Amino acid sequence: MDIRKTVVIGVASGYGAGDPACQDGPEVLKNLRFLSDLEQSHAGFYWDDPVRLGPSHSPDSIDAVAEIGTLLADRIGQHLGRGDFPLVVGGDHSCAIGTWSGVKRALGDQARLGLIWFDAHMDSHTFESSPSKRIHGMALACLLGVGDRRLTDIAGAGAKLLPSDVCLIGVRSFESEEAALLAGLGVRIYSMDEVGRRGLRTVFAEARERIGEHTAAFGISIDLDALDPGEEPGVGSPVCGGLLRNELTDALSQAHGDKKLRALEIVEYNPYRDTRFVTARAIHDLCQSLIP
Ligand SMILES: [Mn+2]
């Protein structure tokens, strides 16, 4: 019998963003009990202590992101070792470096990890290319082994993902340097235009097939700004023209109960912009669509 428990790991981190508001996202979700019906209907659904830095952490944002990423990767390793299913709730998207580095380390050297990355952005800057120098815009590049070594070497040296094992979905705002980096590596990007033409169900099914082909397991990282800000105001960096909530939950439900899905991450929740907490409800619905 499969009794895999789902463990919610909040990451109180805004160190990778210009505005630290997202660091309070997990606490709001927990205290206002947005996931409480999942706790009641799923016997093995529970919150772990949040991952956060102490007051004496480094003022340098790279060091702070590296430190919290290392803590998160260790926490992920403990839960996967127990056979639990980590649901990571950010925090800004820089926590993805810790999440997926931790999952990769737990899989072992020989096993490849696939990743589907929902985002309005490409998150594939380097310190050289980034106009803002914010690390949440560099997280995917770091996981692909491109970036500052303090970040690329979390939970093991270098790349955690092969470009062919990664797909982005929902992209509509990026700089040319990011597009050039990903094109050079050969990462498949499903832009919003392509999603509009082909439909999210089709695109998500194709992405799963691509990243599942040579991998032992896969993950899903959802930046809430992939969703349309007209529906979901509570995100870190809103960009018009995104996915609709129902469309995304419908597509994700295709992966419901998939044993190869090793972890889920939902990030960039900004509770201060979340009028009437509608986006908190979106987080709930996204979890419900995927968690068995
Ligand atoms: Mn992102």
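These lines cover the structure that appears in this document, whether it is placed above or below. Remember, predicted model here, so these are calculated numbers, not experimental data.

Right, let's talk about the overall build of the chain for a bit. Each helix and strand in the chain was counted, giving 11 helices and eight strands. On C-alpha atoms alone, the chain measures out to a radius of gyration of 17 Å, which is about the 19 Å that the 2.2 N^0.38 rule sets for 292 residues. Principal-axis analysis of the C-alpha atoms gives the chain an extent of 50 × 45 × 40 Å. A total of 292 residues make up the chain; the buried ones form 56% of that total. By element, 49% of the accessible surface of the chain is carried by carbon and sulfur atoms, the whole surface being about 11500 Å². Distance between charge centroids for the chain: 5 Å, based on 29 positive and 41 negative side chains.

Let us look at the sheet that holds strand 5 (residues 166-171). Strand order in this open sheet of eight strands is 2-1-3-8-7-4-5-6, and the pairing throughout is parallel. Either end of the sheet is taken by a strand with one partner, and the two such strands are strand 2 (45-47) and strand 6 (188-191). The average undirected angle you get between the axes of adjacent strands in this sheet is 15°. Pairing of strand 4 (residues 113-118) with strand 7 (residues 217-223), which is carried by six bridges, proceeds in the parallel orientation.

Another aspect to go through is the packing of helix 3 (residues 61-81) against helix 4 (residues 95-107). Interhelical geometry of helix 3 versus helix 4 gives an angle of 40° and a closest axis separation of 7 Å. For the pair helix 3 and helix 4, the sense of crossing is right-handed. Along its contact with helix 3, which presents Val65, Gly69, Leu72, Ala73, Asp74, Ile76 and Leu80, the element helix 4 presents Cys95, Ile97, Gly98, Thr99, Gly102, Val103, Arg105 and Ala106. When grouped by side-chain class, the residues that make up the contact of helix 3 with helix 4 number nine nonpolar, four polar and two charged.

Before going further, it helps to spend a moment on the coordination of the manganese ion. Protein-derived coordination of the manganese ion comes from His93 (ND1), Asp119 (OD), Asp123 (OD) and Asp223 (OD), at a distance range of 2.1 to 2.2 Å. Mapped onto the polypeptide sequence, the residues donating to the manganese ion form the spacing pattern H-x25-D-x3-D-x99-D. Of this pair, Asp123 sits in the loop between strand 4 and helix 5 (139-143) while Asp223 sits in strand 7; the two residues are 100 residues apart in sequence, bridging distant segments of the chain. Since its relative accessible area comes to 2%, Asp223 is described here as buried.

Before going further, it helps to examine the packing of helix 9 (residues 200-212) against helix 10 (residues 245-252). Between helix 9 and helix 10, whose axes approach to 9 Å, the crossing angle comes to 40°. Here helix 9 lies oblique to helix 10, going by the angle between them. As helix 9 packs across helix 10, the resulting crossing turns out to be right-handed. Here Leu200, Arg201 and Phe204 of helix 9 lie close against helix 10, whose contacting residues are Glu247, Leu248, Asp250, Ala251 and Leu252. Residues that form the contact of helix 9 with helix 10 fall into these classes: five nonpolar, no polar and three charged.

A separate point is helix 4. Along its 13 residues, helix 4 runs 19 Å from first to last C-alpha, staying within 8% of the 18 Å computed at 1.5 Å per residue. Most of helix 4 sits inside the fold, with 10 of its 13 residues counted as buried. Residues of helix 4 that are buried: Cys95, Ala96, Ile97, Gly98, Thr99, Trp100, Ser101, Gly102, Val103 and Lys104. Downstream of helix 4 by one or two residues, Gly108 has phi in the positive range, about 100°.

Tallied over the full model, the rule gives 17 salt bridges. With its nearest N and O atoms 3.9 Å apart, the salt bridge here joins Asp60 to Arg150. Of this pair, Asp60 sits in the loop between strand 2 and helix 3 while Arg150 sits in helix 6 (residues 149-152); the two residues are 90 residues apart in sequence, bridging distant segments of the chain. Measuring nitrogen to oxygen at the nearest pair gives 3.7 Å for the salt bridge that ties Arg188 to Glu206. Here the residue Arg188 occupies a position in strand 6, and Glu206 occupies one in helix 9, the gap between them amounting to 18 residues. When salt bridges with common partners are traced through the structure, they connect Asp60, Asp63, Asp148 and Arg150 into a single cluster.

By the burial criterion, the buried members of helix 10 are Arg245, Leu248, Thr249, Ala251 and Leu252. Seen from one end, helix 10 has its buried residues packed into an arc of 160°, which puts them on one side. Where helix 10 is buried, its residues contact strand 4, helix 9, strand 7 and helix 11 (278-290).

With that settled, the discussion passes to the packing of aromatic side chains. In total, this model carries two aromatic pairs according to the counting rule given. Centre to centre, the rings of Phe34 and Phe277 are 5.7 Å apart; their planes meet at 45°, and the pair counts as tilted. Taken together, the residues Phe34 in the loop between helix 1 (25-31) and helix 2 (36-41) and Phe277 in the loop between strand 8 (261-267) and helix 11 connect sequence positions 243 residues apart. Classification of Phe277 as partly exposed rests on a relative accessible area of 31%. With a centroid separation of 5.9 Å and an interplanar angle of 35°, the aromatic rings of Phe118 and Phe204 are classed as tilted. Taken together, the residues span a long stretch of sequence, with Phe118 in strand 4 and Phe204 in helix 9 at a distance of 86 residues. Across this residue pair, the class does not change: Phe118 and Phe204 are buried. Sitting above the plane of the Tyr190 ring, Arg188 keeps its charged end 4.0 Å from the centroid.

Reading the values: rules and limits
- Residues numbered from 1 in each chain as written.
- Predicted model: local features only at pLDDT ≥ 70, side-chain atom pairs only at ≥ 80, totals over all residues.
- Heavy atoms only, no water.
- Helix = DSSP H or I, 4+ residues; strand = E, 2+ residues; numbered from the N terminus.
- Rg over C-alpha atoms; globule rule 2.2 N^0.38 Å.
- Buried < 20%, exposed > 50% of the residue type's maximum accessible area, 1.4 Å probe, protein only.
- Areas by Shrake-Rupley, 256 points an atom, 1.4 Å probe, with all protein chains shown as cover.
- Lys, Arg positive; Asp, Glu negative; His and termini not counted.
- Charge placed at Lys NZ, Arg CZ, Asp CG, Glu CD.
- Pairing = 2+ DSSP bridges.
- Axes fitted to C-alpha atoms, helices over the stretch in contact; angles between N-to-C directions.
- Left-handed = near helix turned anticlockwise from the far one by under 90°.
- Contact = heavy atoms within 4.5 Å.
- Nonpolar A, V, L, I, M, F, W, Y, C, P; charged D, E, K, R; others polar.
- Donors = N, O, S within 2.8 Å, 3.2 Å for Na, K, Ca; no water.
- Parallel < 35°, antiparallel > 145°, perpendicular 65-115°, else oblique.
- Expected span 1.5 Å × (residues − 1).
- Salt bridge = Lys/Arg side-chain N within 4 Å of Asp/Glu carboxyl O.
- Arc of directions from axis to C-beta.
- Phe/Tyr/Trp six-rings, centres within 6.5 Å; stacked < 30°, edge-to-face > 60°.
- Lys NZ or Arg CZ within 6 Å of the ring centre and 35° of its normal.

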